[in-house]
Amino acid sequence: MISETCTKRFGIVLILLLWSLMLLSCGGGGDSGSAIPPFDPAAPSSTKAITAFSFTSSHNPILSANATGVISGTNITVTLPYGVSRTSLIATFATNGDSVRIGTAQQTSGFTANNFSNPVTYTVVAEDDTEENYIVTVTNAPNTAKDITAFSFTDAANSALSQDVIGTISGTNIYATVPNGTSRGALVATFSTTGQSVRVGSTAQQSGTTANDFTGAVVYRVTAQDASTKDYTVTVSESPVAGGAIVAGHLAAGAFPSIPTSYINAAKANLHIAYGH
(Lines give C-alpha, C1' and ligand atoms only; values in the text may rest on other atoms or scores of the structure.)
Protein backbone atom coordinates (compact mmCIF):
# COMPACT_ATOMS: atom_id res chain seq x y z
CA MET A 1 0.00 0.00 0.00
CA ILE A 2 1.38 3.38 -1.08
CA SER A 3 2.09 5.65 1.84
CA GLU A 4 0.64 9.15 2.15
CA THR A 5 4.15 10.62 1.98
CA CYS A 6 4.83 9.03 -1.42
CA THR A 7 1.54 10.30 -2.75
CA LYS A 8 2.37 13.87 -1.70
CA ARG A 9 5.82 13.64 -3.30
CA PHE A 10 4.34 12.36 -6.60
CA GLY A 11 1.84 15.22 -6.64
CA ILE A 12 4.58 17.80 -6.11
CA VAL A 13 6.65 16.33 -8.99
CA LEU A 14 3.59 16.34 -11.30
CA ILE A 15 2.83 20.00 -10.46
CA LEU A 16 6.47 21.00 -11.17
CA LEU A 17 6.41 19.12 -14.48
CA LEU A 18 3.20 20.83 -15.61
CA TRP A 19 4.60 24.23 -14.58
CA SER A 20 7.73 23.63 -16.63
CA LEU A 21 5.69 22.70 -19.70
CA MET A 22 3.64 25.90 -19.32
CA LEU A 23 6.81 28.01 -19.17
CA LEU A 24 8.22 26.39 -22.29
CA SER A 25 5.02 26.90 -24.29
CA CYS A 26 4.89 30.60 -23.33
CA GLY A 27 8.53 31.30 -24.13
CA GLY A 28 9.40 31.32 -20.49
CA GLY A 29 12.80 31.19 -18.93
CA GLY A 30 13.57 34.74 -20.10
CA ASP A 31 14.46 33.56 -23.64
CA SER A 32 12.10 35.82 -25.62
CA GLY A 33 14.09 35.25 -28.86
CA SER A 34 12.92 31.64 -29.10
CA ALA A 35 9.35 32.68 -29.93
CA ILE A 36 8.32 32.23 -33.64
CA PRO A 37 7.56 35.66 -35.20
CA PRO A 38 4.21 36.18 -36.87
CA PHE A 39 3.98 35.89 -40.76
CA ASP A 40 4.79 39.25 -42.43
CA PRO A 41 4.31 39.30 -46.29
CA ALA A 42 6.93 41.35 -48.29
CA ALA A 43 5.94 44.91 -49.26
CA PRO A 44 5.29 45.59 -53.01
CA SER A 45 8.43 46.55 -54.98
CA SER A 46 8.97 50.19 -55.93
CA THR A 47 11.47 49.50 -58.74
CA LYS A 48 10.43 51.05 -62.06
CA ALA A 49 13.41 51.51 -64.38
CA ILE A 50 13.96 50.87 -68.08
CA THR A 51 17.32 49.11 -68.12
CA ALA A 52 17.76 48.52 -71.89
CA PHE A 53 16.21 49.95 -75.07
CA SER A 54 16.81 49.25 -78.77
CA PHE A 55 15.32 48.80 -82.23
CA THR A 56 16.33 45.43 -83.65
CA SER A 57 16.51 44.59 -87.33
CA SER A 58 14.57 41.36 -86.64
CA HIS A 59 11.54 43.36 -85.48
CA ASN A 60 12.09 46.30 -87.85
CA PRO A 61 12.80 45.16 -91.44
CA ILE A 62 13.55 48.75 -92.43
CA LEU A 63 16.80 48.47 -90.43
CA SER A 64 19.87 46.64 -91.71
CA ALA A 65 21.41 46.52 -88.21
CA ASN A 66 20.27 46.93 -84.61
CA ALA A 67 20.08 50.48 -83.21
CA THR A 68 20.86 50.55 -79.47
CA GLY A 69 19.55 53.34 -77.26
CA VAL A 70 21.64 55.31 -74.79
CA ILE A 71 20.00 55.68 -71.37
CA SER A 72 20.96 58.76 -69.36
CA GLY A 73 18.80 59.19 -66.28
CA THR A 74 15.23 59.19 -67.57
CA ASN A 75 16.24 60.16 -71.12
CA ILE A 76 16.80 57.60 -73.87
CA THR A 77 18.31 58.58 -77.24
CA VAL A 78 18.53 56.41 -80.35
CA THR A 79 20.19 57.31 -83.67
CA LEU A 80 19.00 55.62 -86.85
CA PRO A 81 20.73 55.65 -90.25
CA TYR A 82 20.04 58.58 -92.56
CA GLY A 83 16.73 58.28 -94.40
CA VAL A 84 15.18 55.56 -92.18
CA SER A 85 11.53 56.30 -91.43
CA ARG A 86 10.63 56.77 -87.74
CA THR A 87 6.85 56.57 -88.15
CA SER A 88 6.36 52.90 -87.20
CA LEU A 89 9.11 51.31 -85.10
CA ILE A 90 8.97 48.41 -82.65
CA ALA A 91 11.08 48.89 -79.53
CA THR A 92 12.75 46.06 -77.61
CA PHE A 93 13.24 47.00 -73.95
CA ALA A 94 13.94 45.57 -70.49
CA THR A 95 12.38 46.87 -67.26
CA ASN A 96 12.30 45.96 -63.56
CA GLY A 97 8.86 47.54 -63.23
CA ASP A 98 5.51 45.79 -63.24
CA SER A 99 4.20 47.29 -66.51
CA VAL A 100 5.00 49.88 -69.22
CA ARG A 101 2.63 52.11 -71.14
CA ILE A 102 2.57 55.06 -73.54
CA GLY A 103 -0.40 57.18 -72.62
CA THR A 104 -3.04 54.54 -71.96
CA ALA A 105 -1.59 51.97 -74.40
CA GLN A 106 0.21 49.06 -72.74
CA GLN A 107 3.62 48.30 -74.25
CA THR A 108 5.01 44.86 -75.00
CA SER A 109 8.73 44.61 -75.74
CA GLY A 110 9.42 43.46 -79.29
CA PHE A 111 5.78 43.75 -80.29
CA THR A 112 4.19 47.21 -79.94
CA ALA A 113 4.86 49.71 -82.77
CA ASN A 114 4.92 53.48 -82.22
CA ASN A 115 5.56 56.69 -84.15
CA PHE A 116 8.92 58.15 -83.06
CA SER A 117 8.87 61.21 -85.33
CA ASN A 118 8.69 63.22 -82.08
CA PRO A 119 9.87 62.34 -78.55
CA VAL A 120 7.76 59.59 -76.91
CA THR A 121 7.08 59.22 -73.16
CA TYR A 122 7.22 55.71 -71.70
CA THR A 123 5.60 55.37 -68.25
CA VAL A 124 6.92 52.52 -66.09
CA VAL A 125 4.61 51.39 -63.25
CA ALA A 126 6.06 49.63 -60.18
CA GLU A 127 4.32 46.92 -58.08
CA ASP A 128 3.46 49.58 -55.50
CA ASP A 129 1.77 51.63 -58.26
CA THR A 130 4.40 54.39 -58.27
CA GLU A 131 5.47 55.59 -61.73
CA GLU A 132 8.55 56.84 -63.62
CA ASN A 133 8.50 58.57 -67.03
CA TYR A 134 11.21 58.01 -69.65
CA ILE A 135 11.53 60.32 -72.68
CA VAL A 136 12.65 58.46 -75.82
CA THR A 137 14.10 60.64 -78.60
CA VAL A 138 14.88 59.05 -81.97
CA THR A 139 16.87 60.92 -84.64
CA ASN A 140 18.46 60.12 -88.00
CA ALA A 141 22.19 60.30 -88.58
CA PRO A 142 23.29 63.10 -90.94
CA ASN A 143 23.67 62.33 -94.64
CA THR A 144 27.18 61.36 -95.76
CA ALA A 145 26.52 61.83 -99.52
CA LYS A 146 28.77 64.39 -101.23
CA ASP A 147 28.89 63.68 -104.96
CA ILE A 148 28.67 65.90 -108.02
CA THR A 149 26.33 63.94 -110.26
CA ALA A 150 26.10 66.27 -113.29
CA PHE A 151 28.18 69.18 -114.63
CA SER A 152 27.75 71.41 -117.69
CA PHE A 153 28.03 74.89 -119.15
CA THR A 154 24.72 75.91 -120.70
CA ASP A 155 24.32 78.51 -123.43
CA ALA A 156 21.49 80.01 -121.34
CA ALA A 157 23.90 80.82 -118.49
CA ASN A 158 26.92 81.64 -120.69
CA SER A 159 26.65 84.27 -123.44
CA ALA A 160 29.97 83.06 -124.88
CA LEU A 161 28.41 79.74 -125.86
CA SER A 162 25.97 78.96 -128.65
CA GLN A 163 25.16 75.49 -127.35
CA ASP A 164 25.38 73.52 -124.12
CA VAL A 165 28.68 71.87 -123.18
CA ILE A 166 28.26 68.70 -121.11
CA GLY A 167 31.04 67.71 -118.72
CA THR A 168 32.31 64.15 -118.31
CA ILE A 169 32.63 62.93 -114.72
CA SER A 170 35.32 60.30 -114.10
CA GLY A 171 35.77 59.57 -110.40
CA THR A 172 36.59 62.94 -108.85
CA ASN A 173 37.71 64.48 -112.16
CA ILE A 174 35.41 66.44 -114.46
CA TYR A 175 36.34 67.28 -118.06
CA ALA A 176 34.61 69.72 -120.42
CA THR A 177 35.56 70.98 -123.89
CA VAL A 178 34.32 74.35 -125.15
CA PRO A 179 34.52 75.52 -128.80
CA ASN A 180 37.85 76.93 -129.91
CA GLY A 181 38.17 80.63 -129.13
CA THR A 182 35.65 80.56 -126.26
CA SER A 183 36.78 82.67 -123.33
CA ARG A 184 37.14 80.53 -120.21
CA GLY A 185 37.76 83.44 -117.85
CA ALA A 186 34.21 83.69 -116.50
CA LEU A 187 32.14 80.60 -117.18
CA VAL A 188 29.04 79.71 -115.18
CA ALA A 189 28.69 76.00 -114.36
CA THR A 190 25.39 74.21 -113.92
CA PHE A 191 25.73 71.18 -111.64
CA SER A 192 23.84 68.69 -109.48
CA THR A 193 25.08 67.42 -106.12
CA THR A 194 24.04 65.08 -103.32
CA GLY A 195 25.96 67.21 -100.83
CA GLN A 196 24.73 70.02 -98.63
CA SER A 197 26.97 72.74 -100.08
CA VAL A 198 29.64 73.37 -102.73
CA ARG A 199 32.54 75.82 -102.61
CA VAL A 200 35.45 76.88 -104.79
CA GLY A 201 38.04 78.12 -102.34
CA SER A 202 36.07 80.21 -99.87
CA THR A 203 33.34 81.11 -102.39
CA ALA A 204 30.00 79.32 -102.11
CA GLN A 205 28.80 77.98 -105.46
CA GLN A 206 25.27 78.25 -106.79
CA SER A 207 24.45 76.12 -109.79
CA GLY A 208 23.71 78.19 -112.90
CA THR A 209 24.76 81.43 -111.19
CA THR A 210 28.36 81.53 -109.92
CA ALA A 211 31.06 82.32 -112.48
CA ASN A 212 34.65 81.03 -112.21
CA ASP A 213 37.89 81.34 -114.17
CA PHE A 214 38.46 78.00 -115.90
CA THR A 215 41.69 78.90 -117.73
CA GLY A 216 43.28 76.51 -115.23
CA ALA A 217 41.95 73.54 -113.26
CA VAL A 218 39.29 74.47 -110.67
CA VAL A 219 38.67 72.48 -107.49
CA TYR A 220 35.06 72.14 -106.32
CA ARG A 221 34.72 71.04 -102.68
CA VAL A 222 31.43 69.34 -101.79
CA THR A 223 30.44 69.21 -98.11
CA ALA A 224 28.02 66.55 -96.84
CA GLN A 225 25.45 67.00 -94.08
CA ASP A 226 27.81 65.24 -91.67
CA ALA A 227 30.52 67.85 -92.49
CA SER A 228 32.71 65.41 -94.46
CA THR A 229 34.04 66.70 -97.80
CA LYS A 230 35.02 65.52 -101.28
CA ASP A 231 37.05 67.46 -103.86
CA TYR A 232 36.35 67.43 -107.60
CA THR A 233 38.89 68.83 -110.08
CA VAL A 234 37.29 70.47 -113.13
CA THR A 235 39.41 70.88 -116.26
CA VAL A 236 38.02 72.91 -119.19
CA SER A 237 39.83 72.89 -122.53
CA GLU A 238 39.19 74.36 -125.98
CA SER A 239 38.55 72.20 -129.02
CA PRO A 240 41.36 72.31 -131.66
CA VAL A 241 41.14 74.67 -134.68
CA ALA A 242 39.48 73.02 -137.69
CA GLY A 243 40.99 75.22 -140.46
CA GLY A 244 40.09 72.90 -143.36
CA ALA A 245 36.51 72.66 -142.20
CA ILE A 246 36.20 76.44 -142.13
CA VAL A 247 37.44 76.75 -145.75
CA ALA A 248 35.13 73.94 -146.84
CA GLY A 249 32.23 75.69 -145.21
CA HIS A 250 32.82 78.93 -147.06
CA LEU A 251 33.32 77.18 -150.42
CA ALA A 252 30.18 75.08 -150.03
CA ALA A 253 28.07 78.02 -148.97
CA GLY A 254 29.28 80.14 -151.92
CA ALA A 255 29.16 77.52 -154.70
CA PHE A 256 26.15 75.56 -153.54
CA PRO A 257 23.74 77.88 -151.73
CA SER A 258 21.02 75.24 -151.91
CA ILE A 259 22.93 72.75 -149.75
CA PRO A 260 21.28 72.54 -146.31
CA THR A 261 23.32 73.98 -143.46
CA SER A 262 23.15 70.69 -141.57
CA TYR A 263 24.94 68.94 -144.47
CA ILE A 264 27.67 71.57 -144.50
CA ASN A 265 28.19 71.25 -140.71
CA ALA A 266 28.45 67.47 -141.06
CA ALA A 267 31.05 67.88 -143.80
CA LYS A 268 33.05 70.25 -141.60
CA ALA A 269 33.11 67.77 -138.75
CA ASN A 270 34.57 65.01 -140.94
CA LEU A 271 36.84 66.95 -143.35
CA HIS A 272 40.63 66.76 -142.97
CA ILE A 273 42.88 68.68 -145.40
CA ALA A 274 46.65 68.24 -145.44
CA TYR A 275 48.51 71.53 -145.24
CA GLY A 276 50.50 72.52 -148.35
CA HIS A 277 47.92 71.16 -150.84
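Now for a quick tour of the structure. Predicted model, so just to flag it, every value in this text is computed and none were measured.

A short note on the sheet that holds strand E15 (residues 173–178)
Judged by pairing direction, the sheet is mixed, and its six strands sit side by side in the order E14-E15-E22-E21-E18-E19 without closing on themselves. Pairing within the sheet leaves two strands with one partner each, and these edge strands are strand E14 (168–170) and strand E19 (203–204). Where strand E18 (residues 197–200) and E19 come together, two bridges link them in antiparallel fashion. Looking at E19, one finds that Val-200 is bridged to Thr-203.

A few points about the pattern of salt bridges
Taken as a whole and judged by the stated rule, the model has four salt bridges. Among the ionic pairs, Glu-131 bridges to Arg-101, the shortest N-O distance being 3.2 Å. In this pair, Glu-131 sits in strand E11 (residues 131–140) while Arg-101 sits in strand E7 (residues 99–102), placing the two residues 30 residues apart along the sequence.

Brief notes about the sheet that holds strand E6 (residues 92–95)
Read across the open sheet, the three strands follow the order E2-E1-E6; overall the sheet is antiparallel. Bordering the open sheet on either side are strand E2 (67–68) and E6, each of which pairs with just one other strand. Note that strand E1 (residues 50–55) and E6 share four bridges and pair antiparallel. Across the sheet, Phe-53 pairs through a bridge with Phe-93, a residue of E6.

Parameters and conventions
Every chain begins its residue count from 1, and numbering advances along the sequence as written. This being a predicted model, a pLDDT of at least 70 is required before a residue's local features are given, and a value of 80 or more before pairs of side-chain atoms are given or counted; all residues contribute to the totals for chains, interfaces and linings. Side-chain metrics rest on all non-hydrogen atoms present in the structure, leaving aside hydrogens and water. A pair of strands is considered paired only if DSSP assigns at least 2 bridges between the two. Put simply, DSSP H or I for four residues or longer makes a helix, DSSP E for two residues or longer makes a strand, and each gets a number counted from the N terminus. Definition used for salt bridges: Asp or Glu carboxyl oxygen within 4 Å of a side-chain nitrogen of Lys or Arg.

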